[in-house]
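Summary of structural features
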Amino acid sequence: MSPRPQLWHLLQALVSMCIRISDPTSSSACPNCLQILWNKTFGTRPKRPGPAVCLCVFSVSRFLQLELSEMEAFVNQHKSNSIKRQTVITTMTTLKKNLADEDAVSCLVLGTENKELLVLDPEAFTILAKMSLPSVPVFLEVSGQFDVEFRLAAACRNGNIYILRRDSKHPKYCIELSAQPVGLIRVHKVLVVGSTQDSLHGFTHKGKKLWTVQMPAAILTMNLLEQHSRGLQAVMAGLANGEVRIYRDKALLNVIHTPDAVTSLCFGRYGREDNTLIMTTRGGGLIIKILKRTAVFVEGGGEVGPPPAQAMKLNVPRKTRLYVDQTLREREAGTAMHRAFQTDLYLLRLRAARAYLQALESSLSPVSATAREPLKLHAVVQGLGPTFKLTLHLQNTSTARPVLGLLVCCLYNEALYSLPRAFFKVPLLVPGLNYPLETFVESLSNKGISDIIKVGPTLVPCGR
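Residues numbered from 1 in each chain as written. Predicted model: local features only at pLDDT ≥ 70, side-chain atom pairs only at ≥ 80, totals over all residues. Heavy atoms only, no water.

With an unreviewed UniProt entry as reference, the chain is termed BBSome complex member BBS1, source organism Colobus angolensis palliatus. Turning to the chain, the UniProt annotation filed under Subunit (unreviewed entry) states: "Part of BBSome complex, that contains BBS1, BBS2, BBS4, BBS5, BBS7, BBS8/TTC8, BBS9 and BBIP10. Interacts with the C-terminus of RAB3IP. Interacts with CCDC28B and ALDOB. Interacts with PKD1." (UniProt positions renumbered as here; feature names shortened; annotations may be inferred.)

Quick look at the overall build of the chain
Scanning the chain for helices and strands turns up six helices and 26 strands. Evaluated residue by residue, the chain yields a buried proportion of 33% over its 464 residues. Taking all contacts inside the chain whose residues are at least 6 apart in sequence as the whole, residues at least 24 apart take part in 41%. Roughly 29700 Å² of accessible area belongs to the chain as shown, and the carbon and sulfur atoms make up 54% of that amount. (Helix = DSSP H or I, 4+ residues; strand = E, 2+ residues; numbered from the N terminus. Buried < 20%, exposed > 50% of the residue type's maximum accessible area, 1.4 Å probe, protein only. Contact = heavy atoms within 4.5 Å. Areas by Shrake-Rupley, 256 points an atom, 1.4 Å probe, with all protein chains shown as cover.)

Description of the sheet that holds strand β21 (residues 387–396)
Whether parallel or antiparallel, the strands of a sheet pair through hydrogen bonds between backbone atoms. On the basis of which strands lie adjacent, the open sheet formed by four strands has the order β20-β21-β25-β23 and antiparallel pairing. Each edge of the open sheet is held by one strand with a lone partner, namely β20 (375–382) and β23 (417–418). The sheet contact formed by β23 and strand β25 (residues 434–443) spans two bridges and is antiparallel. Directly across from Y417, in β25, lies its bridge partner S443. (Pairing = 2+ DSSP bridges.)

Observations regarding the confidence of the model for the chain
For the chain, per-residue confidence averages 79 on the pLDDT scale, and 80% of positions sit at 70 or higher. Note that pLDDT drops below 50 for residues 460–464; the model gives that stretch two contacts with residues more than four away or on any other chain. (pLDDT = per-residue confidence, 0-100.)

Re the nonpolar core
Grouped together as the largest cluster of nonpolar side chains are 18 residues, with contacts concentrated most on L392, L394, V408, V426 and L429. Of all the elements in the fold, those that place two or more residues in this core are β20, β21, β22 (406–411), β24 (423–426) and β25. Apart from residues lying up to four places away in sequence, L392 is in contact with L377, H378, A379, V408, F424, Y435, P436, L437 and V455. (Core = buried A, V, L, I, M, F, W, Y, C linked by side-chain atoms within 4.5 Å.)

Structural notes on the pattern of salt bridges
In this structure the tally under the stated criterion is eight salt bridges. For E113, the salt bridge goes to R157, with nearest N and O atoms at 2.7 Å. Of this pair, E113 sits in the loop between β2 (106–112) and β3 (116–120) while R157 is found in the loop between β6 (149–156) and β7 (160–165), placing the two residues 44 residues apart along the sequence. Note on E113: relative accessible area 33%, which makes it partly exposed. (Salt bridge = Lys/Arg side-chain N within 4 Å of Asp/Glu carboxyl O.)

A closer look at the pairing of strand β14 (residues 232–239)
For β14, the buried fraction is high: eight of the eight residues fall into the buried class. Note: strand β13 (residues 219–227) against β14, eight bridges, orientation antiparallel. If you follow L225 over to β14, its bridge partner there is A234. Remark: four residues form the turn of the hairpin made by β13 and β14, two consecutive strands paired antiparallel; G231 in that turn has positive phi of roughly 65 degrees. Pairing of β14 with strand β15 (residues 243–248) involves four bridges; the strand directions are antiparallel. Bridged to A237 within β15 is R245.

Regarding the sheet that holds strand β9 (residues 181–187)
Here we have four strands laid out as an open sheet, ordered β9-β10-β11-β12, and antiparallel in their pairing. A single partner strand is all that each edge strand has here, and the edge strands are β9 and β12 (209–214). Here the strands of the sheet are splayed against their neighbours by 20 degrees on average, with no regard to which way each runs. Bridge count between strand β11 (residues 199–203) and β12: five bridges; the pairing is antiparallel. Bridge assignment links S199 to a residue of β12, and that residue is Q214. (Axes fitted to C-alpha atoms, helices over the stretch in contact; angles between N-to-C directions.)

Some remarks on the pairing of β20
Put simply, side chains in a regular strand alternate between the two faces of the sheet. Pairing of β20 with β21 involves eight bridges; the strand directions are antiparallel. From the neighbouring strand, K376 faces β21, where its bridge partner is Q395. Count of turn residues in the β20/β21 antiparallel hairpin: four residues, of which G383 carries a positive phi of about 115 degrees.

See the structure below:
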């Protein structure tokens, strides 16, 4: 038998066995099937290959595995069977149908390999809603009721999270992640996402990023911890280093250490206990922990961040006529106002530099300006008069060099003041320590005249 009649019969067989994605009822041959069959027969590629399309499961799993001589008999045997396109479930969850009670009827939400989300009826198992996604979903989170209003978040293989609502067939919002997601949990109105960059991220349903917490190891699994008696909702994250961390927002509540890395978590009712945590480990172990009924989670050891008062919204008053006039004035005279501000700023810097230079020239600065005398001196005056107590605090500001042979003297007007001790011999100054020196000052004037008392340290060479 020549190759051309044989190829013709096999092409007719593929017309009956293949199915197009765009039109399952089409009777025309699939270009992908023709290419596979051409390669199977001649070992070469056709000159004009068709677009990339898919075969049905029956053709891929059985028909293409046969020899050329067996294909025609197989087609004659199964040509009357209907061809169906099957898919694979990648993730699933439940959605309350019309009530939010714990024991209310729920619908099954499925994510499939052909980038679709299906909501099934709980009684007849028919498809109530079908939604399309740009990628294959791997994690699902839902909130609300199907008959009232619901919101669905799907983390997909392309590294994005898509938000869908009740009447939308396509995503309304998209959250682009910097790494692949490893978990998706909804805590109140916040979506908590774990990524392959060893971090937890908090997002709103509109895609705004709220916070980020870095983990000490890779995240293997995530789940929700919900304590109904205290109204607590937190996120549990199983890490590769054998820890299970519990977070409320970005505050760390508790850390559970396990002998092996935890691969799955489940928290809920187990027997008579309402709050039970069940964990499975990488080595096949099972760990069950029961939460005490009197246990209270306390925040501690979490990431340091801004205070809670910073997140409070301010009651901003309405715009007044004066505010609008001032805004218009700033727009019109913005250049002149900026020049006036720069002029005042330069004058302020000039005055500060002059005052600093004057303090250095008159030795009024409390800090030494030379590296030879790394000293800091400040004085404290106590009392109401006419007798005052003068305390001098002397400190060595060098890092490792002590100061030895230092004298402190007070210069003053002897007609106005009297000091019983105006000369001090300072001991060895250790770097970093504060040395107080005390003396008394008596005012001699009855007219209330005051003057400056200058205090200065002097280094004296050894042997003098």
